[in-house]
Amino acid sequence: GAGVSQSPRYKVAKRGQDVALRCDPISGHVSLFWYQQALGQGPEFLTYFQNEAQLDKSGLPSDRFFAERPEGSVSTLKIQRTQQEDSAVYLCASSLEVNTEAFFGQGTRLTVV
Amino acid sequence: AQSVTQLDSHVSVSEGTPVLLRCNYSSSYSPSLFWYVQHPNKGLQLLLKYTSAATLVKGINGFEAEFKKSETSFHLTKPSAHMSDAAEYFCAPESGGYNKLIFGAGTRLAVHP
């Protein structure tokens, strides 16, 4: 595709439910980032992959959050036992090489009720 | 550690007048610095990037920013606002050496006829 694609665009989850958010980066992009953007705030870094290797997961808020990129392309962010404070827009970004421009997807808006 | 402060949460200007969006960062060294724009229901788009070359950086859509190390500032300007410039703007220094971005809280720009 032409850009970073995220699915679903919108997700409503009941508290305690597990969710999986998908990111399809631009083909061939080495770097992949996940960010969390709460309402009215700037995005906050969650985790970083270089190909299939998760090199930085310092931003994951708890052990309920897990991300993977097993083949170095598509990535999934999984949130277990969702809580209301997990409600946010989850943004994925990819870049061709390590220090090149990051292109962002439109995000997945997660609402936990 | 990197941190960033966007000094105004909201800025309102009239169409055709200059725009100034302020950003200060703290760091023990000169980082790479970015400005991103976020239109409603769209992904973040890179406006411009500073990487220790020229201190005055020109970006897309007539925006530019000047890096001032003595003031640890990287303010975004545009000589003449257009209605289409109405959006949320984020300043973001880089951290970690792989374009991990530390976003500010954002400045919402409103442009009035």
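Preceding this paragraph is the structure being described.
If you're wondering where the values come from, they're calculated on a predicted model, not measured in any experiment. (Residues numbered from 1 in each chain as written. Chains lettered and ligands numbered in written order. Predicted model: local features only at pLDDT ≥ 70, side-chain atom pairs only at ≥ 80, totals over all residues. Heavy atoms only, no water.)

Things to note about the pairing of strand 9 (residues 88-95) of chain A
Residues and elements named next belong to chain A. What counts is decided by this rule: Burial classification: accessible surface area is computed with a 1.4 Å probe over protein chains only, and a residue below 20% of its type maximum counts as buried, one above 50% as exposed, and the rest as partly exposed. A run of H or I in DSSP becomes a helix once it reaches four residues, and a run of E becomes a strand once it reaches two; helices and strands are each numbered from the N terminus. DSSP-based pairing: two strands are paired if at least 2 bridges between them are found.
Burial of strand 9 is extensive: 8 of the 8 residues sit out of reach of the surface. Side-chain alternation along strand 9 places Ala88, Tyr90, Cys92 and Ser94 on one buried face and Val89, Leu91, Ala93 and Ser95 on a second face that is also buried. As defined by bridge partners, strand 4 (residues 31-37) adjoins strand 9 across 7 bridges and the pair is classed as antiparallel. Paired with tryptophan 34 across the strands is cysteine 92, a residue of strand 9. Judged from the 3 bridges that link them, strand 9 and strand 11 (residues 108-112) form a sheet pairing that is antiparallel. Within strand 11, the residue paired with alanine 88 across the bridge is leucine 110. Two strands pair when backbone bridges link them, and strand 9 and strand 10 (residues 103-104) are joined in this way by 2 bridges, in the antiparallel orientation. Across the sheet, serine 94 pairs through a bridge with phenylalanine 103, a residue of strand 10.

A few points about the pattern of salt bridges
Here is the rule we go by: For this analysis, a salt bridge means a side-chain nitrogen from Lys or Arg found within 4 Å of a carboxyl oxygen belonging to Asp or Glu.
In this structure the tally under the stated criterion is 8 salt bridges over all chains. Glutamate 68 of chain A is paired through a salt bridge with lysine 78 of chain A; the nearest N and O atoms lie 3.4 Å apart. Of this pair, glutamate 68 of chain A sits in strand 7 (residues 65-68) while lysine 78 of chain A sits in strand 8 (residues 75-79), and the two are 10 residues apart along the sequence. Put simply, glutamate 88 of chain B and arginine 108 of chain B hold a salt bridge, and the shortest N to O gap is 2.9 Å. Note that glutamate 88 of chain B is positioned in strand 10 (residues 87-95) and arginine 108 of chain B in strand 12 (residues 107-112), a separation of 20 residues in sequence. Looking at glutamate 88 of chain B, the relative accessible area reads 11%, which means it is buried. Here arginine 108 of chain B falls in the partly exposed class, since its relative accessible area comes to 44%.

A short note on the pairing of strand 3 (residues 19-24) of chain A
Residues and elements named next belong to chain A. Burial of the side chains of strand 3 is restricted to one face: Val19, Leu21 and Cys23 are buried, whereas none of Ala20, Arg22 and Asp24 on the reverse face is. Two strands pair when backbone bridges link them, and strand 1 (residues 5-7) and strand 3 are joined in this way by 3 bridges, in the antiparallel orientation. From the neighbouring strand, glutamine 6 faces strand 3, where its bridge partner is cysteine 23. In this structure, strand 3 lies alongside strand 8, joined through 5 bridges in antiparallel fashion. Note on strand 8: the bridge partner recorded for alanine 20 is lysine 78.

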